[in-house]
Amino acid sequence: MRVLLVGAGGVGTAITRIAARRPFFEAMVVADHDPTRAETAVAALGDDGTRFLAERVDAGDEAAVAALLVRHSCDVLVNATDPRFVMPLFRAARTADATYVDMAMSLSRPHPERPYEECGVKLGDEQFTRAPEWEVAGALALVGMGVEPGLSDVFARYAADELFDEIEEIGVRDGANLTVDGYEFAPSFSIWTTIEECLNPPVVYEADRGWFTTEPFSEPEVFDFPDGIGPVECVNVEHEEVLLVPRWVDARRVTFKYGLGEEFIRTLRTLRLLGLDRTDPVTVPGPAGPVAVSPRDVVAACLPDPATLGERMHGKTCAGTWVRGVKDGAPREVYLYHVVDNQWSMAEYGCQAVVWQTAVNPVVALELLATGTWTGTGVLGPEALPARPFLDLLTAYGSPWGIREQ
């Protein structure tokens with residue numbers, strides 16, 4: 001297997017450090033619009049140049065990405081950029097006849113008239129529209145293969161296959177007790193992506209109603225997270241699992257709730273109030289004349305890079321899938337989860353917990369694809385493939401998962 005990894009930020013760098021310990025691939029080309037970032041990620045591995053190589057590429061230039069895939073004979077493209085670049089990278093992979101893997105799907109657009117009742121363009125719709133093209137070609141696009149979405153979807157598949165006869169509800173629940181020294185507000189993941197998923201209308205799925213939307217931060221509930229994290233208030237947030245799970249897993253209801261905290265929610269609402277969540281450029285004065293800038297990009301530039309916060313960060317992050325239903329005629333309720341301690345991930349990989357937890361899952365998926373354990377054609381989510389091999393291999397990577405009867 002020869003891999004083109006596009007994006008050498010926090011998650012991309014973590015992918016290289018995890019993959020470097022595994023023998024399943026022949027080469028990984030690490031590409032970024034900033035060649036220094038790609039070169040730094042590769043240099044940190046101490047590789048002799050036989051498996052890792054740095055390149056420069058603009059993720060929005062699909063012709064250049066396709067040419068890079070062909071030039072290095074890469075048969076897989078891994079997208080470690082933000083969701084704005086999903087579609088050009090998705091199309092570039094198809095052009096070059098490469099398998100495609102991402103961790104976040106094509107962007108949504110709210111319903112123009114009823115944004116908090118009806119779906120407009122849903123997350124992943126643009127990719128699923130092109131699924132027949134991938135199927136006819138016998139090619140695979142594995143979408144949403146991070147931690148959430150990704151591992152959470154694998155948990156949903158595992159619950160359906162091995163733990164339940166009937167499923168009433170699948171609810172992804174994400175919480176943490178992470179703190180960052182020296183910052184009152186320092187998101188542990190890309191603020192660009194965080195704004196997108198937290199301020200868009202959340203989507204809920206119900207079998208008798210289909211997909212519909214609610215108000216941001218709706219339906220608050222306190223969820224007790226394992227491994228010492230404890231109770232965290234979680235709210236509805238737009239996320240891919242709600243759009244993926246019902247396509248392959250039979251459940252009467254699917255939700256996603258994120259433990260944000262009152263201060264974080266208040267800050268996001270302020271950004272929305274001031275229009276600083278917008279992606280459309282506004283014109284501002286500059287030394288050389290007017291400059292068009294995206295307000296959201298300015299917010300991102302003003303905040304610390306999440307990948308650099310590891311030394312200041314303390315605590316644990318938990319991603320998991322809560323499932324309730326029936327097994328052998330009796331009610332059952334479980335929480336399948338994966339916890340990463342920042343102290344461990346920093347000591348072991350030099351990566352902060354949130355980016356490491358995101359990065360390990362596409363690497364596990366790549367190994368399953370390389371060995372032929374996972375196969376498929378079309379545009380597939382993680383829940384379309386067998387769960388047990390993934391969970392077994394994740395444990396073999398030194399990062400076990402857990403299950404708690406509720």
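Residues numbered from 1 in each chain as written. Predicted model: local features only at pLDDT ≥ 70, side-chain atom pairs only at ≥ 80, totals over all residues. Heavy atoms only, no water.

1. Things to note about the overall build of the protein
Here comes step 1: The helix and strand tally for the protein stands at 14 helices and 20 strands.
Here comes step 2: Its C-alpha radius of gyration of 20 Å places the protein within 12% of the 22 Å reference for a compact globule of 406 residues.
Here comes step 3: In terms of overall dimensions, the protein has C-alpha extents of about 60 × 50 × 45 Å along its principal axes.
Here comes step 4: Long-range pairs, those at least 24 residues apart, make up 70% of the contacts in the protein between residues at least 6 apart in sequence.
Here comes step 5: Surface accessibility of the protein: about 16300 Å² in total, with carbon and sulfur atoms responsible for 49%.
Here comes step 6: Computed over 34 positive and 61 negative side-chain charges, the inter-centroid distance for the protein is 1 Å. (Helix = DSSP H or I, 4+ residues; strand = E, 2+ residues; numbered from the N terminus. Rg over C-alpha atoms; globule rule 2.2 N^0.38 Å. Contact = heavy atoms within 4.5 Å. Areas by Shrake-Rupley, 256 points an atom, 1.4 Å probe, with all protein chains shown as cover. Lys, Arg positive; Asp, Glu negative; His and termini not counted. Charge placed at Lys NZ, Arg CZ, Asp CG, Glu CD.)

2. Considerations on the pattern of salt bridges
Here comes step 1: This structure, assessed with the given rule, holds 29 salt bridges.
Here comes step 2: The partner of Arg 84 in a salt bridge is Asp 297, and the shortest N-O contact between them spans 3.3 Å. Of the two residues, Arg 84 sits in the loop between strand E4 (76-79) and helix H4 (86-95) while Asp 297 sits in helix H11 (residues 295-302), which places them 213 residues apart along the sequence.
Here comes step 3: For Arg 84, a relative accessible area of 35% puts it in the partly exposed group.
Here comes step 4: One salt-bridge network, held together by shared partners, links Glu 169, Arg 173, Glu 206, Glu 219, Glu 221, Arg 253, Lys 257 and Arg 324. (Salt bridge = Lys/Arg side-chain N within 4 Å of Asp/Glu carboxyl O. Buried < 20%, exposed > 50% of the residue type's maximum accessible area, 1.4 Å probe, protein only.)

3. A few points about the pairing of strand E17 (residues 316-327)
Here comes step 1: With 9 of 12 residues buried, E17 lies mostly within the body of the structure.
Here comes step 2: Relative to E17, strand E7 (residues 166-176) runs antiparallel, the two sharing 10 bridges. Looking at the pairing, Glu 169 lines up with Arg 324 of E17.
Here comes step 3: Taking the residues between adjacent antiparallel strands as the criterion, E17 and strand E18 (residues 330-341) are bridged by 2 residues, where Asp 328 takes a positive phi near 55°. (Pairing = 2+ DSSP bridges.)

4. Concerning the packing of aromatic side chains
Here comes step 1: A full pass over the atoms with the stated rule returns 18 aromatic pairs.
Here comes step 2: Over the aromatic face of Phe 25 sits the side chain of Arg 51, whose NZ or CZ is 4.0 Å from the ring centroid. (Phe/Tyr/Trp six-rings, centres within 6.5 Å; stacked < 30°, edge-to-face > 60°. Lys NZ or Arg CZ within 6 Å of the ring centre and 35° of its normal.)

5. Description of unusual backbone geometry
Here comes step 1: The residue after Glu 148, namely Pro 149, is reached through a cis peptide bond having omega 0°.
Here comes step 2: Structurally, the position occupied by Pro 149 is in the loop between strand E6 (140-142) and helix H7 (151-163).
Here comes step 3: At Ser 73, a residue that is not glycine, the phi angle is positive and equals roughly 55°.
Here comes step 4: Mapped onto the secondary structure, Ser 73 falls in the loop between helix H3 (62-71) and E4.
Here comes step 5: In this model, Glu 219 sits at a positive phi of 50°, which is unusual for a non-glycine residue.
Here comes step 6: Examined against the element boundaries, Glu 219 turns out to sit in the loop between strand E10 (210-213) and strand E11 (221-225).
Here comes step 7: For Glu 219, a relative accessible area of 36% translates into the label partly exposed.

6. A look at the side chain of Arg 173
Here comes step 1: Tracing the chain through its elements places Arg 173 in strand E7.
Here comes step 2: In this structure the side chain of Arg 173 is engaged in a polar contact, spanning 3.0 Å, whose partner is the side chain of Glu 221. (Polar contact = N/O pair within 3.5 Å; in protein donor to acceptor, adjacent residues only side chain to side chain.)

Everything listed is a geometric property; what it means functionally is a separate question.
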